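Residue-level listing of the chains:
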Amino acid sequence: RTRMAPFLALLEGGEGGEAHDELVDFFYYAQLRSQGENTTAPREVSGRVPLSEIPNLMRALGYYPSEAQVSNMVNEVKYSKFTTTGEVLDSVDLPQFIQLYVNHRPIFGVDKPQVEEAFKVLSDAAANQTLNLDGVEGPGSGVGKGGPSFDFASTFNDMSTVDWCVERAAGVRLLAA
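The present account deals with the structure reproduced in this document. Computed from a predicted model, the values in this text were never measured in an experiment.

Our next topic: the packing of helix α2 (residues 18–35) against helix α6 (residues 94–104). Two elements in contact, α2 and α6, have axes separated by 11 Å at closest approach and are oriented at 125°. On the basis of the axis angle, α2 is oblique to α6. The handedness of the crossing between α2 and α6 is right-handed. For the pair formed by α2 and α6, the contact residues are His20, Leu23, Val24, Phe27 and Tyr28 on the first element and Leu94, Phe97, Ile98 and Tyr101 on the second. Considering only residue class, the contact of α2 with α6 consists of eight nonpolar, one polar and no charged.

Structure follows, in structure tokens:
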């Protein structure tokens, strides 16, 4: 507990707060998922989840890491004991996951006004029926200077679609399937 105190203090509400309780719930749900959700066989409560569940857990908590970030996180846990014991881990326990989450999550999350502003830009583009992506570059995206323009009219044909997306993006956190 003592070694976890600094990490728990960095969760909104601390230990026992809403963020901590949500993290614990998602962790145990991931443990059930890894054993098969629809099984009737007895469950093994090991307190660990496979490393393959790390991206799902992070996304459920509202952090959407890139594949490179996921790889870094998985390797951080996988080789955390290698230099001292030579052991390569294939799963993560709750304290390790809390440390991983606190160390890798963005300091400032995306809030509802930022999501609304992003959808306003998209809806303005829908009114013009194109969104010019000149100057927008991302690693591996293939989009940038001379890149394509996208037709958003079929997706964002009215503000009710944008309102629905904003409500879902701001108010729902799902465990990625």
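Further remarks concern the packing of aromatic side chains. Using the criterion set out here, one finds three aromatic pairs in the structure. Aromatic pair Phe27 and Phe97: ring centres 6.3 Å apart, planes at 35°, arrangement tilted. Here Phe97 lies in helix α6 and Phe27 lies in helix α2, a separation of 70 residues in the sequence. Here Phe27 falls in the buried class, since its relative accessible area comes to 0%. Looking at Phe97, the relative accessible area reads 0%, which means it is buried.

About the cut-offs
- Residues numbered from 1 in each chain as written.
- Predicted model: local features only at pLDDT ≥ 70, side-chain atom pairs only at ≥ 80, totals over all residues.
- Heavy atoms only, no water.
- Axes fitted to C-alpha atoms, helices over the stretch in contact; angles between N-to-C directions.
- Helix = DSSP H or I, 4+ residues; strand = E, 2+ residues; numbered from the N terminus.
- Parallel < 35°, antiparallel > 145°, perpendicular 65-115°, else oblique.
- Left-handed = near helix turned anticlockwise from the far one by under 90°.
- Contact = heavy atoms within 4.5 Å.
- Nonpolar A, V, L, I, M, F, W, Y, C, P; charged D, E, K, R; others polar.
- Phe/Tyr/Trp six-rings, centres within 6.5 Å; stacked < 30°, edge-to-face > 60°.
- Buried < 20%, exposed > 50% of the residue type's maximum accessible area, 1.4 Å probe, protein only.

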